[in-house]
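Spelled out, the chains give:
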Amino acid sequence: MTQRIGITGGIGSGKSTICQIFKLLHIPIYNADMRAKLLMESNPEIREALIIRFGATIYLPSGGLNKAALANIIFNDTNALAIVNAIVHPRVDEDFSKWALQYEPYAYVIKEAAILFENGGYKHLDANILVTAPVALRIARCLRRDGSSAEAVEKRIANQWDDARKITLAQYIITNDNNTPLIPQVLQIHETLNLTHTRYGKIC
């Protein structure tokens, strides 16, 4: 049975970079954050729930998600993000489960998600990888990448669990501090997961 592995890390940790390395190893990657955005536009149950909670202006006249309106709501209401996650993430979990079925011959697939631990999604996976990096480095990466203000990045970091809390739930840790080589860390996890599949795949 194909193992379902989660990968997460705080904003600016570089989890997407790690996923690119796994892709080079021909491992299928499910980007939960991208799929969530698509489902917010295409899933009628999600649309209805968001409109009931936040009003019709949460969607554009064209039918697309009003991302600016949603971002403004989340930025100014500390409870709004939790409400959105409660509406969207159960559907993302269902979507991921269906997606993973097409890769049954693989030793494992990866679900990339920004808040894998915070929303409880890690509980439905076989193992989880945490990508860590110093907070100052994460902020600097976001400033270069997005052009965001330091205040905005710090607020987003505050909405996520810190690494010390997440480490206790992760089976694998990847350090992305610009000093520790990444490829050997990824290869070690890759080899372990392949070995686990070889040993136990027939009885899963």
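Given the structure is predicted, the values throughout are model-derived calculations rather than measurements.

## Re the packing of aromatic side chains
Here's step 1: Considering all chains together, one arrives at 7 aromatic pairs under this definition.
Here's step 2: Ring centres 5.2 Å apart and planes at 70° place the aromatic pair Tyr30 and Phe96 in the edge-to-face group. Within this pair, whereas Tyr30 is found in strand E2 (residues 29-31), its partner Phe96 is found in helix H5 (residues 80-100), the two being separated by 66 residues in sequence. Phe96 carries the same exposure label as Tyr30, and that label is buried.
Here's step 3: The aromatic ring of Tyr59 is capped on one face by Arg47, whose charged end is 4.1 Å from the ring centroid.
Here's step 4: Against the face of Trp161 rests Arg165, its NZ or CZ located 3.7 Å from the ring centre.

## Some remarks on the packing of helix H6 (residues 135-146) against helix H7 (residues 150-158)
Here's step 1: Running from N to C, H6 and H7 point in directions that differ by 125°, and their axes come no closer than 10 Å. If you check the angle between H6 and H7, you find them oblique. Helix-helix and strand crossings are classified by hand; for H6 and H7 the assignment is right-handed. Here H6 contributes Val135, Arg138, Ile139, Cys142, Leu143 and Asp146 to the contact with H7, which in turn contributes Ala150, Val153, Glu154, Arg156 and Ile157.
Here's step 2: Class assignment of the residues belonging to the contact of H6 with H7 gives a composition of 7 nonpolar, no polar and 4 charged.

## Things to note about the state of the cysteines
By definition, a disulfide links the sulfur atoms of two cysteine residues through a covalent bond.
Here's step 1: A complete count under the given rule lists 0 disulfides for this structure.
Here's step 2: Cysteine Cys19 is unpaired, with the sulfur of Cys142 as its nearest cysteine sulfur at 16 Å.

Rules of the game
- Residues numbered from 1 in each chain as written.
- Predicted model: local features only at pLDDT ≥ 70, side-chain atom pairs only at ≥ 80, totals over all residues.
- Heavy atoms only, no water.
- Phe/Tyr/Trp six-rings, centres within 6.5 Å; stacked < 30°, edge-to-face > 60°.
- Helix = DSSP H or I, 4+ residues; strand = E, 2+ residues; numbered from the N terminus.
- Buried < 20%, exposed > 50% of the residue type's maximum accessible area, 1.4 Å probe, protein only.
- Lys NZ or Arg CZ within 6 Å of the ring centre and 35° of its normal.
- Axes fitted to C-alpha atoms, helices over the stretch in contact; angles between N-to-C directions.
- Parallel < 35°, antiparallel > 145°, perpendicular 65-115°, else oblique.
- Left-handed = near helix turned anticlockwise from the far one by under 90°.
- Contact = heavy atoms within 4.5 Å.
- Nonpolar A, V, L, I, M, F, W, Y, C, P; charged D, E, K, R; others polar.
- Disulfide = S-S within 2.5 Å.

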